[in-house]
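Summary of the model geometry
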Amino acid sequence: MSVPNIVREYRAQGDGYQNLKLQSATLSKPKATEVTIKIHAVSLQFRDLMVSKGIYPQQKSNIVPCSDGAGEIVALGQEVKGWKIGDRVCPNFALDHIHGDVTKEILSTGLGGHTDGVLREYVNVPVHSLVRIPEHLSYEEGSTLPCAALTAYNACHGPVPLKGGDYVLILGTGGVSIFGAQIALASGATVIVTSSSDEKLQVAKNLGVQHVINYKKNVNWDEEVLNITGGRGVDHIIEVGGPNTMLKCINAVRYAGWIHVIGFVSGGDNGIPVPLAIMKAITFRGILIGSVKQFEDMNRLLTAHKIRPVVNKVFSFEEATEAYAYLESQKHIGKVVIKLA
Ligand SMILES: NC(=O)c1ccc[n+]([C@@H]2O[C@H](COP(=O)([O-])OP(=O)(O)OC[C@H]3O[C@@H](n4cnc5c(N)ncnc54)[C@H](OP(=O)(O)O)[C@@H]3O)[C@@H](O)[C@H]2O)c1
């Protein structure tokens, strides 16, 4: 396959996704330990909205946005071994997060936030960042894995992985949350999902989720969680709501349970009630996506259970701003994808 010299890419200036700029750029040859990927699909995150508005912490200026891309290898650096032209791959969210704990240096390699991302036709990435896309998934489905799926996997299978029979509470039905439900179910948990929409809750039920709560209709959803668990509380919480949902999560978690602190979509600035957290011996675990090693482990689980990501809507490359607007509208369930090739 011939690889062009001039390719198209988006740039974000931090003045809103409406002003994303589609422009031409020169594609360099891959360095010795890099590959060139032809990007087939990109999935959007809540984070991409933040980057587009210029409110993501320490974001690079005039950045190629988006962290999550899937594509095929079209060129290999001279020293690359173990990969070939045509291999279907995703680069990891943080290019240098190969295994183990995240560090400040690793954080600075986060695609589409600290370093140029994947909303472009071709990208050169280091070979150590590559993960194979499971065979049963399309490029559109594969593009949803690096951030949302891996974050949910890291929560469910971190230092104290959930056990079969555990209760897992998932807030919302967005990208991270739906993967959280699928991964927790595949790992033998009983899952409770909250959402603002009965329609979205029905989709969660269709995935096998055992208990659903509409948090708009039932503002005391934490009490409902306690009822479902016979007063004990849940073992793990996928907490994407942030300050405005944290207090209820502290009520809904069991003594010595785990709250995986992932996002802050519900807003607010309340602090954690420290005495209560101590009295319940809760573990709060901040999650920062995951490593290549965890990505590979996750793909084995997805493959074993033939888990398919929930792709809600697919937009073309030229419709990228419409895709951002759709994500912002919160009409989606699961993932919003931009298809390039
Ligand atoms: N720490 C990490 O490594 C990491 C990785 C990925 C994402 N995140 C963060 O996780 C959050 C979710 O990201 P995403 O990409 O999955 O977003 P998303 O696809 O836009 O989904 C957001 C979902 O949040 C739910 N929600 C909104 N307000 C809520 C509330 N008050 N209570 C409960 N749920 C509420 C909504 O569910 P319903 O529509 O069903 O109500 C919505 O679908 C963001 O804050 C993002 O920055 C963090």
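Look above for the structure.
Cut-off values and rules
Within each chain, residues carry numbers counting from 1 in the order of the written sequence. Local features in this predicted model are restricted to residues whose pLDDT is 70 or higher, and side-chain atom pairs enter the listing and the counts only when it is 80 or higher, whereas totals over whole chains, interfaces and linings include all residues. Side-chain metrics rest on all non-hydrogen atoms present in the structure, leaving aside hydrogens and water. Strands are runs of DSSP state E lasting at least 2 residues, helices are runs of H or I lasting at least 4, and numbering of each runs from the N terminus. Three labels apply to residues, based on accessible area from a 1.4 Å probe with only protein chains included: buried if under 20% of the type maximum, exposed if over 50%, partly exposed otherwise in between. Here, Shrake-Rupley sampling with a 1.4 Å probe gives the accessible areas, and only protein chains in the shown set may cover a residue. In this tally, Asp and Glu contribute negative charge and Lys and Arg positive charge; neither His nor the terminal groups of the chain are included. To locate a charge, take NZ of a lysine, CZ of an arginine, CG of an aspartate or CD of a glutamate. Note on pairing: two strands pair once DSSP finds at least 2 bridges between them. Interaxial angles span 0 to 180 degrees and are taken between N-to-C directions of axes, which are lines fitted to C-alpha atoms, for helices over the stretch in contact. Contact criterion: two residues are considered in contact whenever any of their non-hydrogen atoms come within 4.5 Å of each other.

**Things to note about the overall build of the protein chain**
When you go through the protein chain residue by residue, the secondary structure sums to eleven helices and 15 strands. Within the span of the protein chain, comprising 341 residues, buried residues form 57% of the whole. For the protein chain, the computed accessible surface area is about 14300 Å², with 53% contributed by carbon and sulfur atoms. Here the protein chain contributes 33 positive and 31 negative side-chain charges, whose respective centroids are spaced 2 Å apart.

**Let's talk about the sheet that holds strand β12 (residues 253-261)**
Read from one edge of the open sheet, six strands run β10-β9-β8-β11-β12-β13, paired in parallel fashion. Two strands bound the open sheet, and with one partner strand each, they are β10 (211-214) and β13 (283-286). The mean angle between the axes of side-by-side strands here comes to 15°, regardless of whether they run parallel or antiparallel. In terms of strand pairing, strand β8 (residues 167-171) meets strand β11 (residues 234-239) through three bridges, oriented parallel. When the sheet's bridge partners are listed, L169 is paired in β11 with I237. Of the strands in this sheet, β8, β9 (190-195) and β11 are in contact with helix α5 (residues 175-186), which crosses β8 at around 165°. Helix-sheet contacts for helix α8 (residues 243-252) involve β8, β11, β12 and β13, and the interaxial angle to β12 is about 145°.

**A word on the pairing of strand β4 (residues 68-76)**
The buried fraction of β4 is high, at eight of nine residues. Judged from the eight bridges that link them, strand β3 (residues 34-43) and β4 form a sheet pairing that is antiparallel. Bridge pairing in β4 links I37 to I73. Pairing of β4 with strand β5 (residues 88-91), which is carried by two bridges, proceeds in the antiparallel orientation. Directly across from E72, in β5, lies its bridge partner R88.

**Focus: the side chain of N299**
Along the chain, N299 falls in helix α10 (residues 292-304). With relative accessibility at 7%, the residue N299 sits in the buried group. Residues in contact with N299, not counting those within four places in the same chain, are V131, R132, P134 and L145.

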